[in-house]
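Now for the letters of each chain:
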Amino acid sequence: MTPRKVYLDNSATTQVDRKVLEAMLPYFSEEYGNPNSLHAWGREARKGVDNARSQVAQLIGAEPKEVIFTGGGSEADNLAIKGAAWALKDKGKHIITSSIEHHALLDTVKWLGKNGYDYTVLPVDETGMADPKELEAAIRPDTILTSIMYANNEIGTIEPVAELGEVCRRHGVLFHTDGVQATGHIKIDVKELPIDMMTMAAHKMYGPKGVGALYVRKGIKLIPVIHGGGQEFGVRSGTENTPGLIGFGMAAELAANRLASGEIDNEIRLRDRLIGGLTERIPEITLTGHRTKRLPYHASICVKYVEGEGMLLLMDAAGIGVSSGSACTSGSLEPSYVLLALGLDHPTAHGSVRMTLSKDTNDEDIDYVLEKFPPIVEKLRYLSPFYKKNQ
Ligand SMILES: *Cc1c(COP(=O)(O)O)cnc(C)c1O
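Residues numbered from 1 in each chain as written. Predicted model: local features only at pLDDT ≥ 70, side-chain atom pairs only at ≥ 80, totals over all residues. Heavy atoms only, no water.

**A closer look at the site of the ligand**
Contacts to the ligand come from 13 residues, most closely from Gly73, Ser74, Asp178, Gln181 and Lys204. In the environment of the ligand, an oxygen atom lies 2.7 Å from a nitrogen or oxygen atom belonging to the side chain of glutamine 181. The contact in question runs from an oxygen atom of the ligand to an N or O atom on the side chain of histidine 203, over 3.0 Å. When residues of the shell around the ligand are assigned to their parent elements, the largest contribution, 3 residues, is made by helix H4 (residues 73-87). (Near = heavy atom within 4 Å. Polar contact = N/O pair within 3.5 Å; in protein donor to acceptor, adjacent residues only side chain to side chain. Helix = DSSP H or I, 4+ residues; strand = E, 2+ residues; numbered from the N terminus.)

**Brief notes about the nonpolar core**
Tyr150, Met355 and Phe373 are the most contacted members of the largest nonpolar core, which has 86 residues in total. Per-element tally for this core: the top contributor is helix H13 (residues 363-383), with 8 residues. If you count residues domain by domain, this core takes at least three from each of domain 1 (18-259) and domain 2 (262-389). Each residue touching methionine 355, except ones within four places of it in the same chain, is listed here: Leu8, Leu274, Leu278, Tyr297, His298, Ala299, Met315, Val322, Val369 and Phe373. (Core = buried A, V, L, I, M, F, W, Y, C linked by side-chain atoms within 4.5 Å. Buried < 20%, exposed > 50% of the residue type's maximum accessible area, 1.4 Å probe, protein only. Domains from an automatic or database assignment. Contact = heavy atoms within 4.5 Å.)

**Overview of the pattern of salt bridges**
In the structure shown here, the tally under the stated rule is 20 salt bridges. Among the salt bridges present, the one from aspartate 118 reaches arginine 140, with a minimum N-O distance of 2.9 Å. Residue aspartate 118 is found in strand S4 (residues 118-122), and its partner arginine 140 is found in the loop between helix H6 (132-138) and strand S5 (143-147); the two are separated by 22 residues along the sequence. The salt bridge involving arginine 291 is made with aspartate 272; its shortest N-O contact spans 3.4 Å. Residue arginine 291 is found in the loop between strand S9 (285-287) and strand S10 (298-303), and its partner aspartate 272 is found in helix H9 (residues 263-281); the two are separated by 19 residues along the sequence. (Salt bridge = Lys/Arg side-chain N within 4 Å of Asp/Glu carboxyl O.)

**A look at the sheet that holds S9**
Read from one edge of the open sheet, 3 strands run S9-S10-S12, paired in antiparallel fashion. In this open sheet, the two edge strands, each paired with only one partner strand, are S9 and strand S12 (352-356). For this sheet the average axis-to-axis angle between neighbouring strands, irrespective of direction, equals 25 degrees. Two elements, S9 and S10, share 3 bridges in a ladder whose sense is antiparallel. Along S10, the bridge assignment pairs threonine 286 with cysteine 302. With respect to the sheet, H9 is in contact with S9, S10 and S12, its orientation differing from that of S10 by roughly 15 degrees. (Pairing = 2+ DSSP bridges. Axes fitted to C-alpha atoms, helices over the stretch in contact; angles between N-to-C directions.)

**Considerations on the domain arrangement of the protein chain**
As far as domains go, the protein chain holds domain 1 (18-259) and domain 2 (262-389). Averaged C-alpha coordinates put domain 1 and domain 2 at centres separated by 29 Å. Contacts between the two partners involve 27 residues from domain 1 and, on the opposite side, 27 residues from domain 2. Overall, the association of domain 1 and domain 2 removes approximately 2,200 Å² of surface from exposure, summing both partners, and the carbon and sulfur fraction of that is 60%. A per-residue breakdown of the area domain 1 buries against domain 2 is headed by Glu154, Ile155 and Arg258, which together make up 31% of the total. Between domain 1 and domain 2 we count 0 salt bridges in total. (Buried area = accessible area lost by both parts, 1.4 Å probe.)

**Things to note about the packing of H4 against helix H5 (residues 103-113)**
Axis separation between H4 and H5 bottoms out at 9 Å; the angle between their running directions is 30 degrees. With respect to H5, the element H4 is oriented roughly parallel. Here the hand of the crossing between H4 and H5 comes out right-handed. Here Ser74, Asp77, Asn78, Ile81, Lys82, Ala85 and Trp86 of H4 come into contact with H5, specifically with Ala104, Leu105, Thr108, Val109, Trp111 and Leu112. The residue inventory of the contact of H4 with H5, partitioned by class, reads 8 nonpolar, 3 polar and 2 charged. (Parallel < 35°, antiparallel > 145°, perpendicular 65-115°, else oblique. Left-handed = near helix turned anticlockwise from the far one by under 90°. Nonpolar A, V, L, I, M, F, W, Y, C, P; charged D, E, K, R; others polar.)

**With respect to the pairing of S12**
The two faces of the sheet receive side chains in turn, since in a regular strand these alternate between them. Counting buried positions along S12 yields 5 of 5 residues, so the element is predominantly enclosed. Of the two faces of S12, both are covered, the one formed by Ser352, Arg354 and Thr356 as well as the one formed by Val353 and Met355. Pairing analysis gives 5 bridges linking S10 to S12, with the strands arranged antiparallel. By the bridge assignment for S12, histidine 298 is matched with threonine 356.

**Here we look at the side chain of asparagine 153**
Checked against the element boundaries, asparagine 153 lands in the loop between S5 and helix H7 (161-170). What makes asparagine 153 buried here is its relative accessible area of 10%. In contact with asparagine 153, not counting residues within four places along its chain, are Ser11, His102, Gln181, His298 and Arg354.

**Thoughts on H4**
With 15 residues, H4 ought to run about 21 Å at 1.5 Å a step, and its terminal C-alpha atoms sit 21 Å apart, in line with that. Across the 15 residues of H4, 11 count as buried, placing the element largely inside the fold. All of the buried residues along H4 are Gly73, Ala76, Asp77, Asn78, Leu79, Ala80, Ile81, Lys82, Gly83, Ala84 and Ala85. (Expected span 1.5 Å × (residues − 1).)

**Overview of the packing of aromatic side chains**
Scanning all chains against the criterion turns up 2 aromatic pairs. Both rings, one in tyrosine 305 and one in tyrosine 387, keep their centres 5.2 Å apart while their planes meet at 50 degrees; by these two values the pair is tilted. Within this pair, whereas tyrosine 305 is found in the loop between S10 and helix H10 (308-317), its partner tyrosine 387 is found in helix H14 (residues 385-389), the two being separated by 82 residues in sequence. Judged by its relative accessible area of 21%, tyrosine 387 falls in the partly exposed class. Between the NZ or CZ atom of lysine 93 and the centre of the ring of tyrosine 117, over which it lies, the distance is 5.3 Å. It is lysine 359 that lies over the ring of tyrosine 206; its NZ or CZ is 4.8 Å from the centre. (Phe/Tyr/Trp six-rings, centres within 6.5 Å; stacked < 30°, edge-to-face > 60°. Lys NZ or Arg CZ within 6 Å of the ring centre and 35° of its normal.)

Structure (structure tokens):
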């Protein structure tokens, strides 16, 4: 019998769905035309790109013309923030964001801060929630843009985007949200929400890596980050990644079907089995993020007296893929800035483990994790000088 393998790092990336792969394949070799060419080859590719744009638009209730394809989530975050900041520079130069944003967002805002702009970083509460009242208090006459994520990648908390966006709308401030973790996993309808721009990434929803999009509400002007041939309505130049966009489109269509089918309820059930099972079996662990307002596939905990990296490595040896904090910060000894922003102390934050389920995770996978993880924690605690001291 081959040993069981359980991948629980779907917030880092997901497996490309077989149907997505099959949709992409012809666009590498048969339909290889440049979508900007006028001949038959080009027209076929253009048809594919247009269809993909409609599929992505439909998933979030947008118009196709409101979807700008990019080379991934980081690029879409950069385009939203730099593009809007540059376009509105005569109106004001103040930007508001939160302390738990992805680096693609936070570092872009900080870079603008070194280049003539000013910014405010809003705190979050112990569950990772930003407060609409604090947002309102931070708005100044020169505030042009607010960016607060839809759902956090490390702790799974879903932000009150409707309320946050409403505050921005009332004050005439643009509202961007990084929707990479949420898109395709929870229902989002930009027609019903006061969202002006939203970032998406295909590889977090069973599509290919290096492909993303920025939803931009009709009428909003952005200065391009990438200049050139004027593709993507003049906002993002470069020959389209046709196979990638086809894959993103198919991933969006499949996600829309899943969201309509109620499959999400099963994902939530498995997530809660995992969280409940771990809490029952392991003393002194804390769920990080909000208990209920969290992504359906997301479980994140802090285990006292042990290091996240140790747990990750022993879990890996048991055939289970998890992450300790954020994939981008692993390798550094500093605990995650997101966990510190919740008010956790350093020793607790060091013991963080994130387990993120996929649409294909099943009860046997959860059983396996609940069997393997508690003894790993026990073993590491036995070795930990902090643990012994406290017993
Ligand atoms: C993964 C992620 C990104 C970056 O997207 P890439 O496609 O990997 O560049 C941005 N924001 C959040 C919240 C993410 O989880």
